[in-house]
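# Coordinates in review
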Amino acid sequence: IYIDDLIEIVFNLTVNNNFGIYNIGSGTKTSIDELIKILFKVTKLKAKVIYKEPLKEDVNFFLSTDKVFLHQEHTDLMNIEDGINKLWNDLYFQT
């Protein structure tokens, strides 16, 4: 989830007195492979990716964000590629 979206969600929950436990996220599952592809695309950098066997303790799960979005006026969040692109440009081209 992009930081600006996270801040807006927490702000809206707080000012509307919606307290409790919430799973805050984009609502979209992203694999490590997808993340690596996006990072290479956005940064135009190349690196060798070394895969290792997953640990026995590794768990593949996806938390529901339904509850948090019941309390939001808009749910149009920045997608991961646009967020990484914005962050990269802000950092890389910062003067």
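Presented here is a report on the structure given in the accompanying data block. On a predicted model such as this, the values are computed, not experimentally measured, just so you know. (Residues numbered from 1 in each chain as written. Predicted model: local features only at pLDDT ≥ 70, side-chain atom pairs only at ≥ 80, totals over all residues. Heavy atoms only, no water.)

## Remarks on helix α4 (residues 80–92)
- Helix length check: α4, at 13 residues, gives a terminal C-alpha distance of 18 Å against a target of 18 Å (1.5 Å per residue), a fit within 8%.
- Its side-chain oxygen placed 3.1 Å from the backbone nitrogen of Glu 81, Asn 79 serves as the N-cap of α4. (Helix = DSSP H or I, 4+ residues; strand = E, 2+ residues; numbered from the N terminus. Expected span 1.5 Å × (residues − 1). Polar contact = N/O pair within 3.5 Å; in protein donor to acceptor, adjacent residues only side chain to side chain.)

## Comments concerning helix α2 (residues 32–43)
- Under the 1.5 Å per step criterion, the end-to-end length of α2 is 16 Å for twelve residues, consistent within 8% with the ideal 16 Å.
- Turning to α2, its buried residues number three or more, namely Ile 36, Ile 38, Val 42 and Thr 43. Along the axis of α2, the buried positions cluster into a sector of 165°, meaning they face one direction only. Turned more than 90 degrees away from the buried face of α2, the exposed residues are Lys 37 and Lys 41. (Buried < 20%, exposed > 50% of the residue type's maximum accessible area, 1.4 Å probe, protein only. Arc of directions from axis to C-beta.)

## Describing the pattern of salt bridges
- What the rule picks out here adds up to two salt bridges.
- Residue Lys 41 is joined to Glu 81 by a salt bridge in which the shortest nitrogen-to-oxygen separation is 2.9 Å. Of this pair, Lys 41 sits in helix α2 while Glu 81 sits in helix α4, and the two are 40 residues apart along the sequence.
- Lys 41 sits in the exposed class, given a relative accessible area of 54%.
- Since its relative accessible area comes to 27%, Glu 81 is described here as partly exposed.
- Ionic pairing is found between Asp 90 and Lys 86, a salt bridge with its closest N-O pair at 3.0 Å. Highlighted residues: Asp 90 and Lys 86, both in helix α4, separated by four residues, approximately one helical turn.
- Judged by its relative accessible area of 33%, Lys 86 falls in the partly exposed class. (Salt bridge = Lys/Arg side-chain N within 4 Å of Asp/Glu carboxyl O.)

## A look at the nonpolar core
- With six residues, the main nonpolar core is built from Ile 9, Leu 13, Tyr 22, Val 68, Phe 69 and Leu 77.
- Secondary structure elements with two or more residues in this core: α1 (3–15) and α3 (66–70).
- Ignoring sequence-local partners within four residues, the contact set of Phe 69 consists of Ile 9, Gly 25, Ser 26, Thr 75 and Leu 77. (Core = buried A, V, L, I, M, F, W, Y, C linked by side-chain atoms within 4.5 Å. Contact = heavy atoms within 4.5 Å.)

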